[in-house]
Amino acid sequence: MNRPLAITLGDPAGIGPEIIAKAFLQAPDDMAGCFVAGDVALLRRAAHVVAPDVALPVVVIDTPDEALAAPPRCVPVLQVLEGAGPVPFGQVSALAGRLAGESVVWAARAALRGEVAGMVTAPLHKEALSAAGAPFNAFPGHTELLQAEAARHLGLPVAQVPVRMMLANDELRTVLVSIHVSLREAMELVTRGNILDTLRIAHRSVGAALQRPPRIAVAGLNPHAGEGGLFGREEIEHIAPAVAAARAEGIDAHGPFAPDTVFMRARHAPPAHPGEFDVVVAMYHDQGLIPVKYLGVEQGVNVTLGLPFVRTSPDHGTAFDIAGTGRADAASLLAAVRMARRLAGA
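Rules and cut-offs
Residues numbered from 1 in each chain as written. Predicted model: local features only at pLDDT ≥ 70, side-chain atom pairs only at ≥ 80, totals over all residues. Heavy atoms only, no water. Helix = DSSP H or I, 4+ residues; strand = E, 2+ residues; numbered from the N terminus. Buried < 20%, exposed > 50% of the residue type's maximum accessible area, 1.4 Å probe, protein only. Phe/Tyr/Trp six-rings, centres within 6.5 Å; stacked < 30°, edge-to-face > 60°.

Trans is the common state for peptide bonds, and a negative phi is the common state for residues other than glycine. Following Ala134, the chain continues to Pro135 via a peptide bond in cis, the omega torsion being 0°. On the secondary structure map, Pro135 appears in the loop between helix H5 (126-131) and helix H6 (142-154). The residue Arg73 is not glycine, and still its phi comes out positive at about 55°. Inspection of the secondary structure puts Arg73 in the loop between strand E3 (58-61) and strand E4 (75-79). The class of Arg73 is partly exposed, set by a relative accessible area of 46%. Residue Ala319 is not a glycine yet carries a positive backbone phi of 50°. For Ala319, a relative accessible area of 25% gives the class partly exposed.

Right, dumping it as structure tokens:
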């Protein structure tokens, strides 16, 4: 790597620091050139949890570039947090939310300045982030916080920096029209403009990763994709016109298809599932995420599309119920690191 990758702390009451420490221990080649933007004491606690009988040194670095020369099987940490203090495992707290949020903001700004090749975010807890107060309580999660940081850096209104969430594993990719909103609000966001923006972002971002134009399937909102208007008119009035507009722009988009079968058609697992499409655009959060997570949470990666920097994340949450036990699996974090390298060309 010619530039380091920043990994954010995540909520320190959850498994984020533990999976980070475990990744550096178990996969030193994958983690070469990575560092943690966070707190040294919290990473030392995590290192002791996951490797009580094995030396896993936490190395303090002063600049991101020092991570490039760090020896294997150590955890390089750049201290970016102040007043961390003790954080109990498995408890929602404003302190933990603030620490997680500050780590994300630091890494995002470093990425926007070009100091790192990209960022991989360990899981944060949305309730804790909200409890942290301003400015973090204005954002439902990582995606919205990163979008705001990008807009601030670019000097643009947030609405002019559209971003979308993609969840991906080796077999399936899905991009969402809406993210962390209620189901009622998600239905209101199924508009021609929002869907067309999503198709443009998916075409540009997935195409860059594949080095060719992607084949995009579009899921309907209603059962059977509305059945010609019998079960709803969103497909007729919004989704199909957006697909037609995208195709007129040269985007290889198809649909809307029945949402209960389109993901199977896009699944790429030869020879049984050769995959007709490279990515599925889903209308709302659970519609798109359940199929990917069903195929294996441990390999899923969350990618934010539309940002002016690379951001990936594991496909799971803070797992408060097992925090502090050392049982958390680092596989999804490692998949997120590998994905970030590919996207950043690092």
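On to the packing of aromatic side chains, then. This model, assessed by the stated rule, comprises two aromatic pairs. Residues Phe35 and Trp106 carry aromatic rings whose centres are separated by 6.2 Å and whose planes lie at 90° to one another, so their mutual orientation is edge-to-face. Separated by 71 residues along the polypeptide, Phe35 in strand E2 (residues 34-38) and Trp106 in helix H4 (residues 94-112) bring together distant segments of the chain. Residue Phe35 is classed as buried on the basis of its relative accessible area, which comes to 0%. Both rings, one in Phe257 and one in Phe277, keep their centres 5.6 Å apart while their planes meet at 40°; by these two values the pair is tilted. Separated by 20 residues along the polypeptide, Phe257 in strand E9 (residues 253-257) and Phe277 in the loop between helix H10 (262-266) and strand E10 (279-282) bring together distant segments of the chain. With respect to class, Phe257 is no different from Phe277; both count as buried.

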